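# Fold and geometry: a report
So the chains spell out like this:
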Amino acid sequence: MRLTVAQALVRFLAAQYTERDGRRRRLVAATWGIFGHGNVAGIGQALLESGPQAMPFLQGRNEQAMVHAAVGYARQSGRLSTHAVTTSIGPGATNLVTGAALATINRIPVLLLPGDTFATRPADPVLQQLEVPHAGDVSVNDCLRPVSRHFDRVTRPEALIPAALQAVRVLTDPVQTGAVTLALPQDVQAEAYDWPEEFFAERVWGVRRPRPDRAELAAAADAVRGSARPLIVAGGGIRHSEAQASLAALAEATGIPVAVTQAGKGVLPYGHPADVGGIGHTGTATAAALAREADLVLAAGTRLSDFTTASATLFQHPGVRFTGLNLDPYDAHKLAARPLVADAREALDELREALAGHRVDAAYETAYRQEAARWEARVDLAYAVPAPDEELPPTQAQVLGLLDALVDGSDILVNAAGSLPGDLHKLWRARSADQYHLEYGYSCMGYEIPAALGVALAAPGRPVWALVGDGTYLMNPTEIVTAVQEGVPIRVVVLDNHGYASIGGLSGAVGAEGFGTAYRFRAPDGAYTGDPLPVDLAANAASLGMAVIRARTVRDLREALAEARSATRPTCVYVQTRTPDTVSGPPPAQAWWDVPVAETATRKAASQAREEYDRQAAQRRRHL
């Protein structure tokens, strides 16, 4: 079959499927693209020729945002289906780097197809080509190597066959998956070749569920039986494995409490008796206290990042030991854990069977449930709106409380950066397994709006909310235009607090005094402490095609959120949160996070912050 390389690639991708638990899904459900001279005559022409039935096309506005949308779609699809992203050479390709890093860090599959310079070099340099005097085969696409799980450059037509097969192998591998990059020289894209028809045959890639090793399973069960205060730390791997029911069954059978990471929140629904809330720097006091006293930690499907471990200060029991349940041996061995390398659902089910008849001490179970109930009372206080507040601007916690009172299990919340992740992790009451969509592996400002679009494409008919601060909104609002174009009714809630409120709070805590974090005019002394900038983000959203509802008070906001939830077109709710009370309401951090403070300084704030830093850092442990 004689086709160009680009035509062959599109045809090949249209025939790839995943299958897990008897459910088959198309691997690459659509392709995002922005065209330039490096891909318009190749991939662009191939997509036009194939037609939307073979490969649907989505028009993006920013290359990074297109990757975020693909990631949102893939995560909502359980990593069993994703999108491809095509760009031209030059800035179009380098704009992919941030999105690729986010996908790889979060272990979410996405296929990147950047154009590349001429393989045959008839014109050297071509427009946008990076010239590297010591290496003639380097292009800007090589920036994608360290942030991709697999990278290949297709410099000959026949090289596409092994390259495409390897790309799909990695995309469908639950351990290796992440960003996969196939760099496509623009001349090779348009070159014709006689392809074997078998290359385009339908292929189904089974997504494995490895069972645990018997010895590792026995060791894990013995560790649980031998512990007095076990704790399960559940991460995003529980979601990816669809192991929520298995986790709940283990917790119910044994009484072991479950604390959740940002990626894991929601794996137990709000109100489950074993749920003790978020763990780590942004977590609950209940989970932090349990972690400090735990003698066994079962880390299930988590990377154990510094936020989760409170920068290695959280697990303080002298004899604490870890069992690492993870599909990836790299993560299973962290903190010198006893590894339990397996699919989370399979391992949790078999561990429950191995622990038949075992249950934690009743006093332990009663105590953590009482502490969890006390924390929920603190959440109620943070969400509360006293009568006088009805006519005032809301606090950020009150915004979440109003949304909490409105949504049900069908709603999905998308967030990634700023002060909102901390408030959400402490306060939000997840009503379904996929309601809480926090990207906190890369905590990338600008992820929320395009990711919400991707989530909505994967979950049509469900209300999808992108919660953003003003700083995040300004980073990447471009895909609002795509949502309007495609008629996807995402809801964007913009909380305007006139600056980088989260990093401003951190700046104050580490002695940097909020320097450079406020969106204000300069004062006479040169600092950004003047009046707030006259920026109208609501007008901006309207100019991009959204329906916009401005809310000035708590009462306004309650009505605005209800109106947005029932909207049938992309809708923005804009509110200025109460200042200076921009991030108050929820209790402060219950566990430390290591941000090094100046060891010498002339300013009092930095000297005081260093004293606190040294006190906290002294609690750090090496778990060996």
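Just so it is clear, the model here is predicted, and its values are computed rather than measured. (Residues numbered from 1 in each chain as written. Predicted model: local features only at pLDDT ≥ 70, side-chain atom pairs only at ≥ 80, totals over all residues. Heavy atoms only, no water.)

With that settled, the discussion passes to the environment of Asp328. Relative to the elements of secondary structure, Asp328 occurs in the loop between strand E16 (321-326) and helix H13 (329-332). For Asp328, a relative accessible area of 11% gives the class buried. When the C-alpha positions of Asp328 and Asp343 are compared, they lie 9.1 Å apart, and in sequence the two are 15 residues distant. (Helix = DSSP H or I, 4+ residues; strand = E, 2+ residues; numbered from the N terminus. Buried < 20%, exposed > 50% of the residue type's maximum accessible area, 1.4 Å probe, protein only.)

Now for the sheet that holds strand E21 (residues 491-496). In spatial order, the strands read E19-E18-E20-E21-E23-E22; together these six strands make up an open sheet with parallel pairing. Each edge of the open sheet is held by one strand with a lone partner, namely strand E19 (436-438) and strand E22 (547-551). Each strand of the sheet is rotated relative to its neighbour by a mean of 20°, with strand direction disregarded. Along the sheet, helix H16 (residues 396-406) contacts strand E18 (412-415), strand E20 (464-469) and E21; its crossing angle with E20, the most-contacted strand, is approximately 175°. Lying on the sheet, helix H18 (residues 448-458) is in contact with E18, E19, E20 and E21; it crosses E20 at an angle near 175°. (Pairing = 2+ DSSP bridges. Axes fitted to C-alpha atoms, helices over the stretch in contact; angles between N-to-C directions. Contact = heavy atoms within 4.5 Å.)

Glancing now at helix H17 (residues 420-427). Among the eight residues in H17, eight count as buried, and that is most of the element. For H17, the full list of buried residues reads Leu420, Pro421, Gly422, Asp423, Leu424, His425, Lys426 and Leu427.

Further remarks concern the packing of aromatic side chains. Scanning the entire structure with this criterion turns up 11 aromatic pairs. Ring plane angle 15° and centroid distance 4.6 Å describe the contact between Phe12 and Phe199, whose orientation is recorded as stacked. Note that Phe12 is positioned in helix H1 (residues 5-13) and Phe199 in the loop between strand E10 (192-194) and strand E11 (203-206), a separation of 187 residues in sequence. Each ring, one from Phe315 and one from Phe322, has its centre 5.3 Å from the other, and the planes form 85°; the classification is edge-to-face. Judged by relative accessible area, which is 2%, Phe315 ranks as buried. Residue classification places Phe322 among the buried residues on the basis of a relative accessible area of 3%. (Phe/Tyr/Trp six-rings, centres within 6.5 Å; stacked < 30°, edge-to-face > 60°.)

Bringing the sheet that holds strand E15 (residues 296-300) into the picture now. Strand order in the open sheet made by the six strands is E14-E13-E12-E15-E16-E17, with parallel pairing throughout. What marks the edges here is a single partner per strand, and that holds for strand E14 (275-278) and strand E17 (338-341). Strand-to-strand twist of the sheet, defined as the mean angle between neighbouring strand axes without regard to direction, takes the value 20°. Pairing of strand E12 (residues 230-234) with E15 involves five bridges; the strand directions are parallel. Looking at the pairing, Val233 lines up with Ala299 of E15. Against the sheet, helix H11 (residues 285-293) contacts E12, strand E13 (258-260) and E14, and its axis sits at roughly 105° relative to E14.

This is a description of form; function is not addressed.
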